[in-house]
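# Summary of the model geometry
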Amino acid sequence: MRLRSGTFAACCVVIEVLGVALFLRGFFPTPVRSSSRTEHQAEPPAPEPSAGASSNWTKLPPPLFRKVVIMLIDGLRDDFVFGSKGVKFMPYTTYLVEKGASHSFVAEAKLPTVTMPRIKALMTGSLPGFIDVVRNLNSPAVLEDNVITQAEAAGKRIIFYGDETWVKLFPRHFVEYDGTTSFFVSDYTEVDDNVTRHLDKVLKRGDWDVLILHYLGLDHIGHVSGPSSPLIGHKLREMDSILMKIHTSLLSEERETLVPNLLVLCGDHGMSETGGHGASSVEELNTALILISSAFERKPGDIRRPKHVQQTDLAATLAIGLGLPIPGNSVGSLLFPTVEGRPVREQLRFLHLNAVQLSKLLQENVPSYTKEPGFEQFKMSERLHGNWIRLYLEENNSEVLFNLGAKVRRQYLDALRTLSLSLSRQVAQYDIYSMLVGTVMVLEVLALLLLSIPQALSSKAELEVPLWSPAFSLLFYLMFLVLSALHVIVCTSAESSCYFCGLSWLTAGGVMALISALLCAVVSALAKMFAAGKFLSKNPAHPKARWSELDVLILLGTMGHVLSLGASSFIEEEHQTWYFLINTLCLALCHEIYRNCFLRDDCEPQQCSHVEEGFVSTAPALQDRSIHCNMLEPHRVSKDPTSLDTLRGCEKWMVLASPWVILTCCRLLRSLNQTGVQWAHRPDLGHWLTSSDHKAALSLLAALSLIVIFALVQRRCSLTSKIAMALGLLGVYCYRAAIGNVLFPWQQDSKDISKGVIEARFVHVFVLGILFTGTKDLLKSQVIAADFTIKTVGLWEIYSGLVLLAALLFRPHNLPVLVFSLFIQTVMTQFIWKPLRHDAAEITIMHYWFGQAFFYFQGNSNNIATVDVSAGFVGLDTYMEVPAMFLTAFATFAGPVLWASHLVSFLSSETSRWHQHNKEETLACCL
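Residues numbered from 1 in each chain as written. Predicted model: local features only at pLDDT ≥ 70, side-chain atom pairs only at ≥ 80, totals over all residues. Heavy atoms only, no water.

- Under an unreviewed UniProt entry, the name given to the protein is GPI ethanolamine phosphate transferase 2 isoform X3, and the source organism is Neomonachus schauinslandi.
- Under the heading Subcellular location (unreviewed entry), UniProt records this for the protein: "Endoplasmic reticulum membrane".
- In its Pathway (unreviewed entry) section, UniProt records this for the protein: "Glycolipid biosynthesis; glycosylphosphatidylinositol-anchor biosynthesis." (UniProt positions renumbered as here; feature names shortened; annotations may be inferred.)

### Re the environment of Tyr735
- Residue placement: Tyr735 occurs in helix α29 (residues 719-738).
- Counting along the chain gives 24 residues from Tyr735 to Glu759, while the straight-line C-alpha distance between them is 5.0 Å.
- Among residues more than four places away in sequence, those in contact with Tyr735 are Lys755, Gly756, Glu759, Ala760, Leu808 and Val874. (Helix = DSSP H or I, 4+ residues; strand = E, 2+ residues; numbered from the N terminus. Contact = heavy atoms within 4.5 Å.)

### A closer look at the environment of Val867
- Tracing the backbone through its elements, the reader meets Val867 in the loop between α33 (840-857) and α34 (881-892).
- Take Val867: its relative accessible area is 26%, and that puts it in the partly exposed class.
- Along the primary structure Val867 and Thr274 are separated by 593 residues, whereas in three dimensions their C-alpha atoms are 9.8 Å apart.
- Residues within four places of Val867 in sequence aside, it is in contact with Thr888 and Thr892. (Buried < 20%, exposed > 50% of the residue type's maximum accessible area, 1.4 Å probe, protein only.)

### Section: helix α11 (residues 217-225)
- Counting buried positions along α11 gives seven out of nine residues, so the element sits mostly inside the fold.
- Taken together, the buried positions of α11 are Gly217, Leu218, Asp219, His220, Ile221, Gly222 and His223.

### So, the sheet that holds strand β9 (residues 307-310)
- Ordered in space as β5-β4-β6-β2-β7-β8-β3-β9, the eight strands form an open sheet in which the pairing is mixed. What marks the edges here is a single partner per strand, and that holds for β5 (176-180) and β9. Recorded for the sheet is a direction-independent mean angle of 15° between the axes of neighbouring strands.
- In this structure, strand β4 (residues 158-163) lies alongside β5, joined through five bridges in parallel fashion. The residue bridging Phe160 from the neighbouring strand is Tyr177, located in β5. (Pairing = 2+ DSSP bridges. Axes fitted to C-alpha atoms, helices over the stretch in contact; angles between N-to-C directions.)

### Comments concerning the environment of His352
- Tracing the sequence through the fold places His352 in helix α15 (residues 344-365).
- As a C-alpha pair, His352 and Tyr412 span 60 residues in sequence and 7.3 Å in three-dimensional space.
- Sequence-distant contacts of His352, defined by excluding residues within four places in its chain, comprise Ala46, Pro47, Pro49, Phe378, Glu382, His385 and Tyr412.

### Considering the pattern of salt bridges
- Using the criterion set out here, one finds 22 salt bridges in the structure.
- In this structure, Arg197 and Asp178 form a salt bridge, with 2.8 Å as the shortest nitrogen-oxygen distance. Within this pair, whereas Arg197 is found in the loop between α9 (190-196) and α10 (199-204), its partner Asp178 is found in strand β5, the two being separated by 19 residues in sequence.
- Taking the relative accessible area as the measure of exposure, Arg197 reaches 52% and is therefore exposed.
- Here the residues in one salt-bridge network are Arg66, Lys67 and Glu253, joined through shared partners. (Salt bridge = Lys/Arg side-chain N within 4 Å of Asp/Glu carboxyl O.)

### What about unusual backbone geometry?
- Going from Leu111 to Pro112, the amide bond is cis rather than trans, its omega being -5°.
- Residue placement: Pro112 occurs in the loop between β3 (102-108) and α5 (115-124).
- Backbone geometry at Arg172 places phi at a positive 60°, although glycine is not the residue there.
- Structurally, the position occupied by Arg172 is in the loop between α8 (165-169) and β5.
- Owing to a relative accessible area of 75%, Arg172 belongs among the exposed residues under this scheme.
- The backbone of Leu258 shows a phi angle near 60°, a positive value even though the residue is not glycine.
- Structurally, Leu258 is set in the loop between α12 (230-257) and β7 (262-266).

### Brief notes about the packing of aromatic side chains
- Counted by the stated rule, this structure contains 23 aromatic pairs.
- The interplanar angle of 85° and the centroid separation of 4.9 Å between the aromatic rings of Phe855 and Tyr856 together place this pair among those described as edge-to-face. Here the two residues Phe855 and Tyr856 agree in accessibility, since each one is buried.
- The rings of Tyr579, Phe850, Phe854, Phe857 and Trp899 are connected pair by pair, giving a single aromatic cluster.
- The residue whose ring lies beneath Lys67 is Trp208, and the NZ or CZ to ring-centre distance is 4.1 Å.
- Sitting over the ring of Trp796, Arg716 keeps its end group 4.3 Å from the ring centre. (Phe/Tyr/Trp six-rings, centres within 6.5 Å; stacked < 30°, edge-to-face > 60°. Lys NZ or Arg CZ within 6 Å of the ring centre and 35° of its normal.)

As structure tokens, this is what we get:
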């Protein structure tokens, strides 16, 4: 069966999409959901258990608190309150924690540690998934059961001030609100003042039941300056004074009403040592949670150390405190210290309601729930609770009743802890079978694409798929039967839910048939290549072109990296893989250079093959090969002045030293930023430079880096672009000085700090100007005159504009990363790629490797917390979504983007050089 290349490619794309979708469906498991309260309908509470006696307590318990104030401080790490900073900057809060009527906790957040999923976790008690990281940019309304909806349904009047994410999550739930944008991280004063300005009036009013305040300033300071910034202390002191104002107002109100109120101080997530968040470090997960109320009596000398709890426990606690049903999807358990002062019967009633809700959730999400230890503990607790109720209703006040009550309480707490753990573990379980099926489909299509490229790119542009051959049919039916049997075994023995097993047998059979057909096609293509003897040929069109050692390294390194992504530990430390690969590549290039220089006679055939497969083979003019066929002879091309055998003196020594120079640069860059997971906490040169004690050294380094950047980039720019580049780099330093990162020589300190909007926009103007000039030249070469020289200049100016933008967005201590990137590109261009005549495929892979390595040299990782959000607001005085997203993405992936743009520019310049060489050869032939 013959297929055209377009048809074959379209079929491969469709199958790839299906495979990736199936893999993602297994990788992002279905969250734990309750089907009983999908529309928040009122559900009668579970009656109090009884053994032979009839209990009349069938309603929800009354509220424990008259008013509830939730003061959420974004990015409030636990050590900001319970550590040395709390003692120094939050004295009133520290007093409440150590001696006041309060209960303190270290609340552990779950991944992902970004604001919107954490708000959902606090109010619903459920565990959001990673898809909420994307939704965090534009939060949709919460449709699942939550405390806010329950409170509104119960007639509670809710007021909110702060992060507008709440307004998006809970629209039409607040009787009064004032939202502020959370993404403009450069603002850490007005964003909090807009919340505090309402406090004096609202605290004097009595027309509300729940007040929610979400302060963003602390998190914004972390993003811009990190947790060690002096601004952190000022912000904590400000938050402490606000807490004191709220608490004092609530206490004065309690003296009149004699009903306790509740003040909750909490954080949605912490912040890493670099100020970001989103990942799983202890600093990002652990947040402070303090419940303050006059109902929490404390005896003199009673020391209450912060206990470790889950962040999802707050939803159940707030529901009990407000006299509301616990959200149906909550996996949290009641914070028992909040009710331990109540009578025993009320304590057991609260625990029983929580246990019933968790057991129902377990029954709806775990098929084998009866085997779960938490469910068995719950049933035992319920029976003991019934016995206690029977004794209580008989008015038995003996010691037996007291001891049995204590036992039931312990049993309930153990059951709640086990049930919550089982449900949380259910969310973290991957659908391995669906992931495996999707992975097999993707890998089979990739293998088939790689094996079919020579046929697809041939002159006929079609390929033969032996669908009807007997051997193909026999293998197909055999594989189909084996896969179908495996599918039946897996689906009948699976204890947890599986998406692929839930599909109809017809759909699953179609997928099995597709996998069998793809496998047979791959085997057939491999057999044909082995039969033709082309498997070891680098280019099937030229069977004598063999793989060099460098080609084998590039192939094995790329494949090894892909395979390493199958292990989470290699993903977390992926930077180590890239560091190893580029170091190995440098050593391989050193070996190749030395062999070509000192063992020329032995390597002459290989040298010729390199030249034959060099840039000449990638030039567009090869389409007219009949005219210029004599120019493709190896000895003719070797006369090119950039070939290795023509280098003499200093140039030859530079070629010999270039791999070692690149190795040295890479080693220096590794010391600049520690990244990954295991070693991210280790001190590095970046931390030393960014400390306030070494600002003069950072200023000098930044100035020298900007000068070197200009020297490396300007050499191929037009005069206009050179001037724009010089002024733009000067503006970069002025911007960093304006925001206090660096100093001018005449400055003693950085007291006059601004947002640097004018300076940053000054640089943006030059960036746009250089990009416009390069784009104009590029369009001119394509539309007006087919001049490769103009095209090359245009591409280089676009590249230089991107370099200027990267210099603006990079933090000052990261400017050496940009310098070394440009320096390594220059060295490899002049002393490796041109002299050794590497072909386009090799150079493309090298660019890809170095681009990935420089992504990690910047301090990035596969951890979302390393994303520098502040870069998205350079030059912006208000939040604009599209520019902020573009600038953040570019600053994050500047390394790969700059290496990719350099690749395009380099290949274009080589094509231009070949065309010039071609013209000279043509003239020589004519003469």
